[in-house]
Amino acid sequence: MTDYAKKFMLFLMDEKCYDNYFVDFDLLDGDCFRALLSKGLGLGIIAGSVLVKVPQITKILANKSAKGINLFSVCLDLFAITIHMAYSFVSGFPFSAWGDTSFLALQTAFIAFLVLVYGGSIPGAVAFGCAYSAGTYALMGGMTPLNYLLIAQGFNVPILLLGKLSQAYTNYKNGSTGQLSAVTCFMLLAGSLARIFTSIQETGDQMMIITYGCSSFANAVIVLQLLYYWNADKEARNKSADVAKKSNKTKAKKVD
């Protein structure tokens, strides 16, 4: 049992930190604490990413509509996630530093599939699924050199910003966030903020840190829009209810 416990702890920290905590009982080691916190956050983010876009998916399925969801934005987001996942995998970074992107990629691809389906393009949705699967295999299956992935990762920042901000523009143009899920948007913001810390701690990769910083900014814009339009929609509903009440009172007086 002790061996299993040690193996589990060594999964969360290196041998040096294990000795500090459990042999020397040095519980105030700052470097080990940051490393352990980063590993815990990374695993927590991965666990959360399994369901992070499920509220968005269920909202589309329940309403049988993808109204308000910008397909261009979804595809750009999917491209950025996939490149980041492939770059991290081929670079040999620990799974705790990027594992959430694998689940995000699957869910984002399914959202794009649903947008095409409810947009009336089922053949397009099937073709998209096949093309994305083949492209992902090419990126992660050893067919794409790491230096090409590094270049693609460099384009992730403008692509990510363009994708997120095009969704923000769609929200602004519609005066509503449509079928966007508030739960999903808040979880994406929290995850991208936490990933800045885990990237600094576990990889030290400047490109990853910059990418998550920009992602946090773009996610924050969407979240602020959700809050603004939620309040605006609430006020609009209250006004509509007041108008309806006045109209009913006027009709009642005319009948009398």
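Trainee: Sorry, what's going on with the nonpolar core here?
Mentor: The nonpolar side chains of soluble globular proteins are, as a tendency, buried together. Core analysis: the largest hydrophobic core is formed by 31 residues, its most contacted members being Ile60, Leu78, Ala105, Ile111 and Phe128. In terms of residue count, the dominant contributor to this core is helix H6 (residues 100-118) (eight residues). Beyond its immediate stretch of four places on either side in the chain, isoleucine 60 contacts Ser65, Ala66, Ile69, Ile111, Leu114 and Tyr118.

Trainee: Help me out: how do you make sense of empty space enclosed by the protein in this one?
Mentor: Over the atoms rolls a probe the size of a water molecule, and its path tells where empty space is left. All told, the structure shown has one cavity of 30 Å³ or more when counted by the stated rule. Along its surface, the largest cavity is lined by 17 residues, and Lys53, Asp77, Lys164, Leu180 and Leu188 are the ones closest to its centre. Sorting the residues of the lining of the largest cavity by element identifies helix H5 (71-91), H6, helix H9 (156-174), helix H10 (182-202) and helix H11 (206-255) as the ones contributing at least two each. The class makeup of the residues in the lining of the largest cavity is eight nonpolar, six polar and three charged.

Trainee: How should the environment of tyrosine 132 be read in this particular structure?
Mentor: Here tyrosine 132 shows up in helix H7 (residues 122-140). With 54 residues separating them in the primary sequence, tyrosine 132 and leucine 78 have C-alpha atoms 9.6 Å apart.

Trainee: Could you clarify how one ought to interpret the state of the cysteines in this entry?
Mentor: A covalent bond between the sulfur atoms of two cysteines is referred to as a disulfide. In this structure the tally under the stated criterion is one disulfide. Shown here is the disulfide that connects cysteine 17 with cysteine 32, its sulfur atoms set 2.1 Å apart. For the disulfide bridge between cysteine 17 and cysteine 32, the dihedral angle about the S-S bond is near -90°, and by the sign convention the bridge is left-handed. Here the residue cysteine 17 occupies a position in helix H2 (residues 15-22), and cysteine 32 occupies one in helix H3 (residues 30-49), the gap between them amounting to 15 residues. Exposure class is identical for cysteine 17 and cysteine 32. Each is buried.

Trainee: Help me understand the packing of H3 against H6, please; the structure alone is not making it clear to me.
Mentor: Packed helices, taken two at a time, are described by the angle between their axes plus the distance between the axes. With their axes 8 Å apart at the nearest point, H3 and H6 run at an angle of 15° to one another. In this view, H3 runs roughly parallel relative to H6, as classed from their interaxial angle. Viewed along their axes, H3 and H6 form a crossing whose handedness is left-handed. Side by side, H3 and H6 meet where Ile45, Ile46 and Ser49 of the first sit next to Asp100, Phe103, Leu104 and Gln107 of the second. Its residues placed into classes, the contact of H3 with H6 shows four nonpolar, two polar and one charged.

Trainee: Even after reading the chapter, I still don't get the packing of aromatic side chains, so can you show me in this structure?
Mentor: The geometry of two aromatic rings is summed up by the distance between their centres and the angle between their planes. Using the criterion set out here, one finds six aromatic pairs in the structure. Ring centres 6.1 Å apart and planes at 75° place the aromatic pair tyrosine 87 and phenylalanine 93 in the edge-to-face group. Note on accessibility: tyrosine 87 and phenylalanine 93 belong to one class, buried. Between phenylalanine 89 and tryptophan 98, the aromatic rings sit 6.0 Å apart at their centres with planes inclined by 75°, giving edge-to-face as the arrangement. One aromatic cluster is present, built from ring pairs that chain together Phe89, Phe95 and Trp98.

Conventions and cut-offs
Positions within a chain are numbered from 1, following the residues in the order the chain's sequence is written. In keeping with the model being predicted, local features are shown solely for residues with a pLDDT of at least 70 and side-chain atom pairs are shown and tallied solely at 80 or more, while totals for entire chains, interfaces and linings include all residues. Excluding hydrogens and water, the side-chain values take into account all heavy atoms of the structure. What makes a nonpolar core is a set of buried Ala, Val, Leu, Ile, Met, Phe, Trp, Tyr and Cys residues whose side-chain atoms join them at distances within 4.5 Å. Partly exposed describes any residue whose relative accessible area lies between the buried limit of under 20% and the exposed limit of over 50%, with all areas from a 1.4 Å probe on protein chains only and scaled to the type maximum. Helical segments are the DSSP runs of H or I of at least four residues, strand segments are the runs of E of at least two, and each set is numbered from the N terminus. Residue contacts are counted whenever heavy atoms from the two residues lie within 4.5 Å of one another. The distinction between a cavity and a pocket rests on a 1 Å grid over the protein atoms alone: a 1.4 Å probe fits inside a cavity but cannot get out, while a pocket stays open yet meets protein on both sides within 12 Å along at least five of seven lines, and a residue with an atom within 4 Å of a point counts as lining. Grid points are joined across faces, edges and corners, and a volume is the space filled by probe spheres set on the points. Amino acid classes used here: Ala, Val, Leu, Ile, Met, Phe, Trp, Tyr, Cys and Pro are nonpolar; Asp, Glu, Lys and Arg are charged; the rest, including Gly, are polar. Defined by distance alone, a disulfide is two cysteine sulfur atoms within 2.5 Å. To get an axis, a line is fitted to the C-alpha atoms, and for a helix only the part in contact is used. The angle between two axes follows their N-to-C directions and goes from 0 to 180 degrees. Reported orientations rely on four angle classes, namely roughly parallel under 35 degrees, roughly antiparallel over 145, roughly perpendicular from 65 to 115, and oblique for the rest. Crossings are sorted by hand: turned counterclockwise from the far helix by less than a right angle, the near helix makes the crossing left-handed, and turned clockwise it makes it right-handed. Here is the rule: rings of Phe, Tyr and Trp (six-membered ring for Trp) pair when centre to centre is within 6.5 Å. Planes less than 30 degrees apart are stacked, more than 60 are edge-to-face, and the remainder are tilted.

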